[in-house]
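# Chain and residue survey
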Amino acid sequence: MKKIIVILFIGISISSFSQDNIKYSETIIVSDLEKHLIILASDSLEGRETGKPGQKMAADYIMNHFKNIGIPPYIKKSYYQKFKVKSGRHLCKCDDCDQNLVKKIFGNKNKIKGENVLGYIEGTDLKDELIIVTAHYDHLGKHDSLIFNGADDDASGTVAAIEIAEAFMIAKKEGQGPRRSLLVMAVSGEEKGLLGSKYYTDHPIYPLENTVANLNIDMIGRIGDFKDNPNYVYLIGADRLSQELHNISEQINKEYIGLELDYTFNEEDDPNRYYYRSDHYNFAKNNIPVIFYFNGIHEDYHKVTDTVEKIDFDKIQKITRLIFLTAWELANRDERIKLNKKEN
Ligand SMILES: [Zn+2]
């Protein structure tokens, strides 16, 4: 009985005004996701290795998309947050990484130049608070004429993020812009040690204490090793800093989407430690609640066979709509989500 009351209470606490959130979520469609992903994961971008021409081409592509959908540059003339930092430690998500490849990517100890691409959408009455959606657009590059296209890792997350930006801009043009501000940020340097997200949290464009949450998307276009149907996504981190964030995410999914939300990798003692292995961690360590959306690793992970024709675009569409609706709720509810009370 107690349980039922709790669920009812959560149901009531979802505050999205009207049903417009659904209308805008439905602007996120397979054909758009596919159009962008085919370009980002094409051979001409040579695997988007941070610091290489292919990564710069990807950055330009994302910037042009932001421009086309009407997002102004975030500081005067630029959409880019440029950084020049030392390569970090490769945070491979699997145990049996190809060490030769890792050496090739990290053999060079020089400083690496990358850029984050920022799509900033100003809020209305609560604009001093910010929701951040991230996905890394860099990948492993081209080595000995082998191109690592990174269609799932993480062109899939990148196209999700830029389509979420577009859905919010369509809403904004119809007078339904978000109350809180929204930053959709395509980050680079992830494969070289979460460099772009670390640079951002070290040099935020917005005070971190006003940053309400980070939704990070890294690999959502494939079926992972332990699954046999596409109707799921692993969620990691949601309840660690804010139970309220977890509850909202659950409620949105139940009400509108109906994916299986799998928390296997969210266990504190999970040996994979994914919580520490993608860009959301740089936000979490600054006490900003995060959700990491992830399909799990698969046979083509970090291989030249992570290519476009294996991508399940219906799966990307469904997960992207879930993330959009979650961001919409976070941006529009009256109260910003609360942090858990610290134990001890
Ligand atoms: Zn990735």
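One structure accompanies this document, and this report is about it.

Rules used throughout
- Residues numbered from 1 in each chain as written.
- Predicted model: local features only at pLDDT ≥ 70, side-chain atom pairs only at ≥ 80, totals over all residues.
- Helix = DSSP H or I, 4+ residues; strand = E, 2+ residues; numbered from the N terminus.
- Buried ≥ 20, exposed ≤ 12 C-beta atoms within 10 Å, placed from the backbone.
- Contact = placed C-beta atoms within 7 Å.
- Pairing = 2+ DSSP bridges.
- Axes fitted to C-alpha atoms, helices over the stretch in contact; angles between N-to-C directions.

Note on placement: Lys127 falls in strand S3 (residues 126-136). Residue Lys127 is classed as partly exposed on the basis of its C-beta count, with 16 C-beta atoms lying within 10 Å. Between the alpha carbons of Lys127 and Tyr293 there is a distance of 25 Å; along the sequence they are 166 residues apart. Other than its neighbours up to four places away in sequence, Lys127 contacts Glu122, Arg180 and Ser181.

Spatially, 8 strands are ordered S1-S2-S6-S3-S7-S10-S8-S9 in an open sheet, and the strand pairing comes out mixed. In the strand order of this sheet, the two ends are held by strand S1 (80-86) and strand S9 (260-262), each with one partner. Each neighbouring strand pair of the sheet contributes to a mean axis angle of 25°, computed without reference to strand direction. Across 5 bridges, the pairing between strand S2 (residues 111-121) and strand S6 (residues 180-187) is antiparallel. Bridging across to S6, Tyr120 finds its partner in Leu183. Along the sheet, helix H11 (residues 313-332) makes contact with S3, S6, strand S7 (211-217), strand S8 (232-236) and strand S10 (290-294), crossing S7 at roughly 180°.

Here we take up the pairing of S10. For S10, the tally of buried residues reaches 5 of 5 residues, placing the bulk of the element in the interior. Of the two faces of S10, the one carrying Val290, Phe292 and Phe294 and the one carrying Ile291 and Tyr293 are both buried. Taken together, the 4 bridges between S7 and S10 define a ladder with parallel strand orientation. Bridging from a neighbouring strand, Ile217 pairs with Tyr293 of S10. Sheet topology places S8 next to S10; 3 bridges connect them, and they run antiparallel. Considered in S10, the bridge of Tyr234 is made with Phe294.

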